Amino acid sequence: MRYADITGWGKCTPPATLTNADLSTFLDTDDEWIVSRTGMKERRISHVPVSDLAHVACERALAAAGKVAADVDLIIFGSCSFDQMVPNSASRVQQLLGADNAACMDLNTACTSGRYALSVATAMIKTGSANSALVIGAEATSVLMDWTDRDVAVLFGDGAAAFYLEASDQKSGVVAESLGCFGKNRDILDVTGWGLKYANQGQVLGATKWNFNGPEIFKRAVVGMSRACDNVLEKEDLGKEEIDLVVPHQANLRIIDALAKRMGASEEKVFINIQRYGNMSAATAPLALVEAIEEGRVAPGAKLLLPAFGGGLTWSAHLITWGARIKPLGTSAVDLPPCDKTGLELVQDIIAAKKTAEV
Ligand code: ACO
């Protein structure tokens with residue numbers, strides 16, 4: 001039996017930070033509300049296109065796996081904020097890496113994109129159509145944010161993470177998964193101005209309005225992720241207590257707490273980094289796993305449960321048996337170009353650019 005072991009991991013967090021205090025300089029909000037309702041303290045704002053974030057994360061994942069670009073058979077770029085539709089963003093990562101042997105595809109399931117990408121890559125390695133893959137979750141929603149809407153503007157940030165997968169005959173990597181979608185409820189997270197539907201309606205592309213029913217999304221997120229977790233545990237005939245670490249999508253600390261309660265998972269068994277980054281959509285769940293490894297929370301052979309949800313409303317859970325290695329084999333010197341602006345200045349630039357486009 002073939003498996004897809006995860007042997008490399010890397011993240012790329014843009015350096016500019018946007019704090020809750022920064023947000024309260026132009027929105028009617030404050031640190032107390034944001035922290036108490038979401039758990040978020042700050043988030044990152046990217047000064048480069050999302051494919052550049054993804055490229056750096058991939059360089060780091062390759063180095064951690066001890067591989068070079070020529071080893072990569074497949075690149076799957078999970079996101080909903082691609083630089084452009086044609087050509088796809090995976091091909092730009094291939095170009096930047098020099099991974100000339102790789103097939104390239106983009107995949108969009110909103111916040112679950114990195115996790116759905118993990119499923120596709122694992123399946124392609126298991127069937128033998130690829131021997132290795134780079135799986136990306138990356139997002140730069142800051143350019144698509146409605147910065148006048150406090151209901152959503154405080155929730156999101158930018159970032160990227162990537163994993164290197166390779167064929168293995170050891171039972172490791174994704175060993176069970178459950179994917180689904182509450183399509184009937186897709187309209188409760190609907191962003192107008194973000195897609196070709198709006199091109200002929202006189203609306204400026206990128207001038208978004210977020211129709212976002214937070215409390216309703218909240219409920220379905222908890223139900224969807226709990227259901228997905230139960231499904232994967234049943235598939236592998238595992239008890240909840242046999243999970244070593246839950247690494248959930250980080251959209252709201254209260255959603256994570258509600259899920260943990262349903263799963264009977266104690267605080268030390270749940271990885272949380274939402275305070276540092278907010279919700280980075282497709283990058284969130286992959287980046288949380290990278291940081292869990294970096295912080296020594298993942299042991300060789302650990303059983304990891306990875307629930308996620310996103311627009312659509314897509315939901316998922318993956319059960320991973322971690323492989324033998326938890327230390328990177330190498331590091332990469334590749335980095336982002338320096339950023340000479342603060343997060344607040346970058347956001348002010350985006351707001352100004354939108355005003356100009358709308359005139
Ligand atoms: N600052 C201050 N007050 C605010 C803010 C803000 N940033 N945003 C909303 N409020 C106000 C509202 O206007 C409302 O005021 P009112 O009572 O006078 O009408 C009040 O705060 C309460 O608003 P609620 O919506 O009831 O607050 P709630 O406790 O439900 O928290 C939140 C809102 C954080 C959005 C929560 O519902 C949530 O996290 N939902 C799911 C998160 C989510 O959808 N994330 C994205 C998922 S999809 C994906 O990951 C791509």
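Residues numbered from 1 in each chain as written. Predicted model: local features only at pLDDT ≥ 70, side-chain atom pairs only at ≥ 80, totals over all residues. Heavy atoms only, no water.

### So, the pattern of salt bridges
The full count for this structure, using the stated rule, is 13 salt bridges. Between Asp52 and Arg92 there is a salt bridge, with the nearest N and O atoms lying 2.6 Å from each other. Of this pair, Asp52 sits in helix α3 (residues 50-65) while Arg92 sits in helix α4 (residues 89-97); the two residues are 40 residues apart in sequence, bridging distant segments of the chain. Overall, Asp52 belongs to the buried group, its relative accessible area being 16%. Notably, a salt bridge pairs Lys219 with Glu216, separated by 2.8 Å at the nearest N-O pair. Of this pair, Lys219 and Glu216 both sit in helix α7 (residues 214-235), three residues apart, which is roughly one turn of that helix. Here the salt bridges share partners, and the residues they tie into one network are Lys11, Arg276, Glu291, Glu294 and Glu295. (Salt bridge = Lys/Arg side-chain N within 4 Å of Asp/Glu carboxyl O. Helix = DSSP H or I, 4+ residues; strand = E, 2+ residues; numbered from the N terminus. Buried < 20%, exposed > 50% of the residue type's maximum accessible area, 1.4 Å probe, protein only.)

### Section: the environment of Ala153
Counting through the fold element by element, Ala153 comes out in helix α6 (residues 150-153). Taking C-alpha positions, Ala153 is 13 Å from Ala251, a pair spaced 98 residues apart along the chain. Once you skip the residues sitting within four places of it in the chain, Ala153 turns out to touch Leu23, Leu27, Met145, Asp146 and Trp147. (Contact = heavy atoms within 4.5 Å.)

### A look at unusual backbone geometry
Omega for the peptide link from Val86 to Pro87 comes to -5 degrees, which places this bond in the cis form. Residue position: Pro87 is located in the loop between β4 (74-78) and α4. A positive phi angle, near 50 degrees, is found at Ser281, a position not held by glycine.

### Quick word on the packing of aromatic side chains
Aromatic ring pairs: the centre-centre distance and the angle between the two ring planes describe each pair. Summed over the entire model, instances satisfying the criterion amount to six aromatic pairs. A ring pair is formed by Trp9 and Trp322, whose centres lie 5.8 Å apart and whose planes are at 65 degrees; its orientation type is edge-to-face. In this pair, Trp9 is assigned in strand β1 (residues 3-12) and Trp322 in the loop between β13 (314-321) and α11 (343-358), connecting sequence segments 313 residues apart. On the basis of relative accessible area, Trp9 is assigned to the buried category, the value being 5%. What makes Trp322 buried here is its relative accessible area of 2%. When the ring of Phe156 is compared with that of Trp210, the centres are 5.2 Å apart and the planes differ by 45 degrees; the resulting orientation is tilted. Residue Phe156 is found in the loop between α6 and β7 (159-168), and its partner Trp210 is found in strand β10 (residues 209-212); the two are separated by 54 residues along the sequence. (Phe/Tyr/Trp six-rings, centres within 6.5 Å; stacked < 30°, edge-to-face > 60°.)

### Here's the deal with the pairing of strand β5 (residues 103-107)
Relative to β5, β4 is paired through five bridges, and the arrangement is parallel. Counterpart to Gly78 in the pairing with β5 is Leu107. With respect to chirality, the unit in which β4 leads through α4 into the neighbouring parallel β5 is right-handed. (Pairing = 2+ DSSP bridges. Right-handed = clockwise from strand over helix to strand, strands pointing away.)

### As for the domain arrangement of the chain
Partitioning the chain into domains gives domain 1 (3-171 + 335-358) and domain 2 (175-321). The partner domain 2 presents 49 residues to the 53 residues of domain 1 that form the contact. Of the roughly 4100 Å² buried between domain 1 and domain 2 on both sides combined, carbon and sulfur atoms contribute 63%. Counting the surface domain 1 buries against domain 2, the share from its top three residues, Cys111, Arg115 and Leu144, is 18%. If you look at where domain 1 meets domain 2, you find four salt bridges. Two residues, Asp146 and Lys209, come together in a salt bridge whose shortest N-O distance is 3.2 Å. Where domain 1 meets domain 2, there are 28 residue pairs in polar contact (both at pLDDT 80 or more). If you list the elements that add at least two residues to the side of domain 1 that touches domain 2, you get β1, α2 (31-38), β3 (42-45), α5 (113-127), β6 (132-139), α6, β7 and α11. Ranked by the residues each element gives to the side of domain 1 that touches domain 2, the list is headed by α5, at six residues. (Domains from an automatic or database assignment. Buried area = accessible area lost by both parts, 1.4 Å probe. Polar contact = N/O pair within 3.5 Å; in protein donor to acceptor, adjacent residues only side chain to side chain.)

### Remarks on α5
If you check α5, its first and last C-alpha atoms are 21 Å apart, about what 15 residues at 1.5 Å a residue would give, namely 21 Å. Taken together, the buried positions of α5 are Ser113, Gly114, Arg115, Tyr116, Ala117, Leu118, Ser119, Ala121, Thr122 and Ile125. The positive-phi residue at the C-terminal boundary of α5 is Gly128, with phi of around 90 degrees. (Expected span 1.5 Å × (residues − 1).)

### Digging into the site of the ligand
The environment of the ligand is formed by 23 residues, the closest being Thr29, Arg37, Cys111, Asn252 and Asn279. Trp33 places a side-chain nitrogen or oxygen 3.2 Å from an oxygen atom of the ligand. One of the side-chain nitrogen or oxygen atoms of His249 is found 3.1 Å away from an oxygen atom of the ligand. Coverage of the ligand by the protein chains reaches 73% of its 1000 Å² of free accessible surface. When residues of the shell around the ligand are traced back to their parent elements, those giving at least two are α2, α6, α7 and α8 (253-263). Here the element with the most residues in the shell around the ligand is α7; it accounts for four residues. (Near = heavy atom within 4 Å. Areas by Shrake-Rupley, 256 points an atom, 1.4 Å probe, with all protein chains shown as cover.)

### Some details on the packing of α3 against α4
Where α3 contacts α4, the two axes come as close as 9 Å, and the packing angle between them is 55 degrees. Relative to α4, the element α3 is oriented oblique. The interaxial crossing formed by α3 with α4 has right-handed handedness. Packed against α3, whose contacting residues are Ser51, Asp52, Ala54, His55, Cys58, Glu59 and Leu62, the element α4 presents Ser89, Arg92, Val93, Leu96 and Leu97 at the interface. The class makeup of the residues in the contact of α3 with α4 is six nonpolar, three polar and three charged. (Axes fitted to C-alpha atoms, helices over the stretch in contact; angles between N-to-C directions. Parallel < 35°, antiparallel > 145°, perpendicular 65-115°, else oblique. Left-handed = near helix turned anticlockwise from the far one by under 90°. Nonpolar A, V, L, I, M, F, W, Y, C, P; charged D, E, K, R; others polar.)

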